[in-house]
Amino acid sequence: MSEKRVWFLSDVYYPETEGVAYFVTRIASALANRFDVRVACAQPVYSLRDTTYQSNDTHEGVTIHRCWSTRFSRQSLIGRICNNGTFGLSLLFYLLYHLRTGDRVIATSSPPVVPFVAAIACRLRRAKCIISMYDIYPDIAVVAGVLKRNSITTKILQRLQRYLWQNADRILTIGRDMQTFVRARIDSSCSKKVEVIPLFSSTYKIFPETREENTILRENELLDSFVVQIAGNVGPVHNVEALMECARSLEDTPEIKFLIIGSGKKIPWINDLIRKEQRKNIIVLPRVPRSESCNILNGCDIAISALFIPGMWGLANPSRTYGIMAAGKPMIAMADEGTEVALLIDEQKVGWRVNPDDVEGLTAAIRDAYEHRVELTQIGERARYTAEAMYNIDEVISMYVSVVCSELPLQRPQAVVKRRVSIQGIEGKPYGGRNKLAEDEPVLVRDGMNDMGEKV
């Protein structure tokens, strides 16, 4: 094992499994096979908020320190500010005492206080500061309506953001649109340090299953329905209003059902709407443990990977996209053109994209998928191939190893389609149409090998 020390800074970590906690835990555990990996995090603040874990712990070879902080409910803005502020102070004092010269510090972008604490501690202790961008603040808060675009608060935060990015040793983004966004905010001389390391899917834990064995469909009497699913967080930047309008437009086709599985600030609004309007084609189920991901993601005919409000280009990338592909499901993304999920769909032909707020386009895409559902199996197979070839954890970990060991620019893993896919769809519709496979099945090619391990 290398003597190089690698730190991960995040407010969430094992045993939490939601969102960033899942990715940081998997990455840190994988790197622990090669490096001395340490994590500084907070006590659980999501589903395990009522449980207090040891301040100093280990998990899968990773040394964990859980800093003290308040643990108010995240549903309260004041509570979240208190949680983040106290965690930031505790984290700063801990790092100033424990960091050593030359340590690599990988700080998540959420909560926003973490990368700033990392920058201060790294400067004082002469460690390397690497910012791992999962989302971009304060810009998301502006899009969500929490902050005004031209307010003094927003301008101050954006100046601090630029200073932070300008002085970081490396910035890791999870999408090409995010990379472009960050590079546009800093001097061109610093652009090379902004790289893309994509999210990943657990292709050995999430895989295609037969419809008949899916308990979600069976228990909710959906085996004979065409199921459109969105699973995960449903919050302020998700355009569920457009989805509800789309569901209303498709009530004339009772076979089409909408299945929402998860939690978030907009779930109560959805439940109220269903009750008041007596909607029959929408089913809402609570969040379930990540261990049930394979069953959940297989509980549909087509999944919605992104449901963004306008203005989210460059600011985030929905992690559910990669689980959907691992399950071998086609997807629909309501996202701006040029976002990472839009580029993925266009390049790998794994689904449909519609513009934010385009209810008619979303309705047309779902109806098109329903009318040509026999062909969805082939699109799903292509999605699975893409997940295995481009977005498996081994590919991603090799990129993190490069970050830790080298100052050289990273190379994003690429897949080249040897035989392209023909695209057909409803004439004149802006969503781009369904992705009908040509008779000659396309082959993913990477490093001179196709997806079957054969030289090409």
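Everything numeric in this text was worked out from a predicted model, so none of it was measured.

Parameters and conventions
Residues numbered from 1 in each chain as written. Predicted model: local features only at pLDDT ≥ 70, side-chain atom pairs only at ≥ 80, totals over all residues. Heavy atoms only, no water. Helix = DSSP H or I, 4+ residues; strand = E, 2+ residues; numbered from the N terminus. Contact = heavy atoms within 4.5 Å. Areas by Shrake-Rupley, 256 points an atom, 1.4 Å probe, with all protein chains shown as cover. Buried < 20%, exposed > 50% of the residue type's maximum accessible area, 1.4 Å probe, protein only. Core = buried A, V, L, I, M, F, W, Y, C linked by side-chain atoms within 4.5 Å. Pairing = 2+ DSSP bridges. Axes fitted to C-alpha atoms, helices over the stretch in contact; angles between N-to-C directions.

Caption draft 1: Representation of the overall build of the protein in the model. Along the protein, the regular secondary structure elements total 15 helices and 17 strands. Sequence separation of at least 24 residues holds for 71% of the intrachain contacts in the protein that already meet a minimum separation of 6. Carbon and sulfur atoms make up 51% of the accessible area of the protein, which totals about 20,400 Å².

Caption draft 2: Molecular detail of helix α12 (residues 340-348). Among the residues of α12, those classed as buried are Glu340, Val341, Ala342, Leu344, Ile345 and Gln348. Lys349 sits one or two residues past α12 and shows a positive phi near 55°.

Caption draft 3: The nonpolar core, seen in detail. Residues Phe8 and Trp165 are the most contacted members of the largest nonpolar core, which totals 108 residues. Sequence-distant contacts of Phe8, defined by excluding residues within four places in its chain, comprise Val24, Ile27, Ala28, Leu31, Val37, Arg38, Val39, Ala40 and Ile106. In terms of nonpolar packing, the next biggest core, distinct from the first, is built from 33 residues, Met244, Cys246, Ile302 and Ile304 among them.

Caption draft 4: Up close: the sheet that holds strand β3 (residues 56-59). Read from one edge to the other, the open sheet built from eight strands follows the order β3-β4-β2-β1-β5-β6-β7-β8, with strand pairing classed as mixed. One side of each edge strand has no neighbouring strand; the edge strands of this open sheet are β3 and β8 (194-196). Within the sheet, the average angular offset between the axes of one strand and its neighbour, ignoring direction, is 25°. Looking at chain direction, strand β2 (residues 36-42) and strand β4 (residues 62-67) are connected through five bridges and run parallel. Paired with Cys41 across the strands is Arg66, a residue of β4. Together, β7 (170-173) and β8 form the strand contacts of helix α6 (residues 176-185), whose direction differs from that of β8 by roughly 175°.

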